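Structural overview
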Amino acid sequence: MSARDEILRRVRSALSGVSPAEDLPPAPRVPDRGDLVALFVERVEDYRAVVTRCAVADREAAVAEALAGASVVVPPGLDLDVPGSVVDDRLTADELDRIDAVVTRARVGIAETGTIVLDHQPDQGRRAISLVPDLHVCIVDVSQVVPDIPDAIALLDPARPTTWISGPSATSDIELDRVEGVHGPRKLHVVLVG
Amino acid sequence: MSGTFVGMPAFPTAAREALGDTQLRRNLAHATHTIRDKRAAVVAEVEDWEDLRLAGAAVKEAALRDLATHLETLEESLTRAGATVHWARDAEEACAIVAEVARSHGVDEVVKVKSMATGEIGLNEALEAEGILAWETDLAELIVQLGDDLPSHILVPAIHRNRAEVREIFRRRMGDVGRPAPDDLTDEPAVLAGAAREHLREKFLRAKVAVSGANFAVADTGTLVVVESEGNGRMCLTLPEVLVSVVGIEKVVATWSDLDPMLRLLPRSSTGERMNPYTSTWSGVTPGDGPQEVHVVLLDNGRTRALADDVGRQALRCIRCSACLNVCPVYERVGGHAYGSVYPGPIGAILNPLLNGVADEQTASLPYASSLCGACFEVCPVRIDIPSVLVDQRAAVVDSHRGDRVPKAEAVAMKTAAWAFSDSRRLAWAEKASGLAGRVLGRFSRTTLPGGRTAAGRLPGPAAGWTGARDLPAPPTESFREWWDRTDGGRT
Ligand code: SF4
């Protein structure tokens, strides 16, 4: 018997006489928290990420300020002009490692947890470009901010890869001391537009 | 194959050694209390935490009760998404599958994301035997690997090492296996983390094959989920050309939306954060983005054994958050190594016997590594009633000794108790004997317990197992019956 058939047989025999579960109890919803965007800002900053809020017309300037002259890569579908940037055309990991920063869009922002989620569409690029450079500048529109995790899950397409980012990379592995920045970008700068 | 460390002594022996290590106890107390407080604060923020726990438990329970269907669905959706699905009955089969994938690409090294399942099956050792080096990339796992050590906590496997020890390990060992630690390495956690970043980056950039586990596997979409903090997970899941994920069959949830209660429960219970820094989800192969060859190994290795246990089945709901470790008074004092397994603490005390059976002495000692205080059940995000399963597993251990020629001391004691309690004359006699023993033992004892009663010292013979870890109050010199007779129920 193949391993597959054997395991499925064992599972069935382990569960013989066990009835399937009834309907699942619904997961509770968070209560209304008032100003979602303010909550989002507070919770993102709580992870020691930087948040800049600006009007649509000032997006380019806010991004330039966040970059402060760093070398930068952008995804091919970015709807914004970043002077001096390299557009990703399948750069190798080594090439990305020599670039300081990346500018991307996001798919959704979660207020309750201060999380931004990328689903790696052309305005966010493939996963590697928002991972290897040390500074991630991420542009989020206020209209993209939702209350909580279930709202984000409902919006996302599971067929696409997704990356959920809550603050910069961190570890508490040495004596439980929190250190920002191990392998992912050590600096996260969210530009909140609108 | 078992998930326990080979050659480990049974829990009581290992625990006594650990208790003698004051540095270990100090590190553990600091760590468990810090995480415990953080967890309590972020859990208190959620108004309906108890309802969320019910929802989380229900998602996992429902998936387990119809596991065969969900596994078939998962296989189908993974295959449709371009992944190759393998099945492994045990550790050996799983390791062989991973080794074969690595060999087919001609590599002599793989990078690894921290994963309990690959620790359980001893993957690193199996690969090494095939001439393939497996680099752990999680900071704590790196410390454990470079220190030739064993993990001691699910979440922070190097919880037993302090910063000075970590610095020493990095200075001594990094150079042997890659980029050495810088000369000016201090014991600042930020500096140590920086050294790990440099050391591992060259490995990430050149790795062709990565190995991961998964926190969840979504049946209807074929999506795997990895929850992490450092970004080493993202590196392994994104940069290499080939990805092999070893996934226990109990990781399945039915639908994409079932991830909701789980992703709300796990980070708060685990690291005590609203959300962990990074969560990655992927479904098979995404053209032009990430690994273009994706393998998933579905692992049994004792899980179907646990699934067949009506009381113990709930242990398979575990999402490895480690909250139960951090609140456990036993774990806090003895640490993870005493459990002799990658699964320590309260969950380890039930999971190891459920996965492996209680035939060997080491595993059989685990259900006793608890005071049954119930703190673990209260914090468990998926409401595993660990104390009830512990009691049930104790019964299983006792049952497994029924046929023994030499009965266990405990079994003799219980039989004698049953014999004495079943007859009032015998009981009176037993109490007198105990009163006599009390006078004798009281004379030999060194300690006085709170309340002024003397404690018996370490008893000789089979009873040593009990008194070695506890102060046994010396029996009172007069029994209640004797007192009643003497004073006419207190009237004289
Ligand atoms: S048993 Fe519960 S508390 Fe313990 S690690 Fe598993 S999920 Fe967490």
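Throughout, residues of each chain are indexed from 1 in the direction in which the sequence is written. Numbering of ligands from 1 and lettering of chains from A proceed in the order in which they are written. For this predicted model, a pLDDT threshold of at least 70 governs which residues receive local features, and a threshold of 80 or more governs which side-chain atom pairs are given and counted, while totals over whole chains, interfaces and linings are taken from all residues. Each side-chain value is worked out from all heavy atoms of the structure, with water and hydrogens disregarded.

1. Quick word on the site of the ligand
Neighbouring residues are identified by heavy atoms, a residue being near a molecule or strand if any of them is within 4 Å of it. Around the ligand, a shell composed of C318, I319, R320, C321, S322, C324, I347, C380, P381, V382, I384 and I386 of chain B is seen. Tallied by class, residues from the shell around the ligand come to 10 nonpolar, one polar and one charged. For this classification, Asp, Glu, Lys and Arg are treated as charged, while Ala, Val, Leu, Ile, Met, Phe, Trp, Tyr, Cys and Pro are nonpolar and the rest, including Gly, are polar.

2. Remarks on the interface of chain B and chain A
Only heavy atoms enter the contact rule, under which two residues are in contact if any of them lie within 4.5 Å. Each partner contributes residues to the interface: chain B has 91 residues there, and chain A has 74 residues. For the pair chain B and chain A, the two sides together bury roughly 6,900 Å², of which 59% comes from carbon and sulfur. Salt bridges, as used here, are contacts in which a Lys or Arg side-chain nitrogen is within 4 Å of a carboxyl oxygen on Asp or Glu. The interface formed by chain B and chain A holds 12 salt bridges in total. Salt-bridge contacts for D46 of chain A lead to R274 of chain B; the nearest nitrogen and oxygen are separated by 2.9 Å. Two parts lose some accessible area (1.4 Å probe) when they are put together, and adding that loss for both gives the buried area.

3. Remarks on empty space enclosed by the protein
Cavities and pockets were defined on a 1 Å grid built from protein atoms only: a cavity is a group of points that admits a 1.4 Å probe but offers it no way out, a pocket is an open group of points flanked by protein on both sides within 12 Å along at least five of seven lines, and a lining residue is one with an atom within 4 Å of any such point. Grid points are joined across faces, edges and corners, and a volume is the space filled by probe spheres set on the points. By the definition in use, this model includes 10 cavities of 30 Å³ or more. Approximately 760 Å³ is the volume found for the largest cavity. Surrounding the largest cavity, 42 residues form its lining, K114, I154, L155, V227 and E228 of chain B being those nearest its centre. Listed by contribution, the elements that provide at least two residues to the lining of the largest cavity are strand 10 (170-171) of chain A together with helix 2 (22-44), helix 6 (116-120), strand 6 (223-228), strand 7 (242-248) and helix 12 (259-270) of chain B. For the lining of the largest cavity, a count of residues per class yields 19 nonpolar, 11 polar and 12 charged. A run of DSSP states H or I qualifies as a helix once it reaches four residues; a run of E qualifies as a strand once it reaches two. Both are numbered from the N-terminal end.

4. Topic: the packing of aromatic side chains
Residue and element names in this part refer to chain B. Aromatic rings from Phe, Tyr and Trp, taking only the six-membered ring of Trp, are treated as a pair when their centres fall within 6.5 Å; an angle between ring planes under 30 degrees marks them as stacked, one over 60 as edge-to-face, and anything in between as tilted. Under the defined criterion, the tally for this structure stands at one aromatic pair over all chains. The residue whose ring lies beneath R53 is F377, and the NZ or CZ to ring-centre distance is 5.8 Å. Taking the ring centre of W135 as reference, the NZ or CZ of K203 above it sits at 4.3 Å. For a Lys NZ or an Arg CZ to count as sitting over a ring, it must be within 6 Å of the ring centre and within 35 degrees of the ring normal.

5. Quick look at the confidence of the model for chain B
All names here are of chain B. The quantity known as pLDDT measures the predictor's confidence residue by residue, on a range of 0 to 100. Overall, the prediction assigns chain B a mean pLDDT of 85, with 83% of residues at 70 or greater. Low pLDDT, under 50, characterises residues 438-452; the stretch is placed with 27 contacts to residues that sit more than four places away or in other chains. The low-confidence segment residues 459-463, where pLDDT is below 50, has five contacts with residues more than four positions distant or belonging to other chains. In the predicted complex, the global pTM is 0.86; the interface-specific ipTM is 0.96.

6. Description of the side chain of N276 of chain B
Among the secondary structure elements, N276 of chain B is positioned in the loop between helix 12 and strand 9 (278-283). The cut-offs for exposure are 20% and 50% of the maximum accessible area for each residue type, with area from a 1.4 Å probe on protein chains only; residues under the lower value are buried, those over the upper are exposed, and the others partly exposed. Classification of N276 of chain B as buried rests on a relative accessible area of 4%. Polar contact is defined as a pair of N or O atoms within 3.5 Å, subject to the rule that within protein one atom must be able to donate a hydrogen and the other to accept it, and that residues adjacent in sequence are counted only when both atoms are side-chain atoms. There is a polar contact of 3.1 Å between the side chain of N276 of chain B and the backbone oxygen of E228 of chain B. Aside from chain neighbours lying at most four places away, what touches N276 of chain B is S166 of chain A together with V227, E228 and P267 of chain B.

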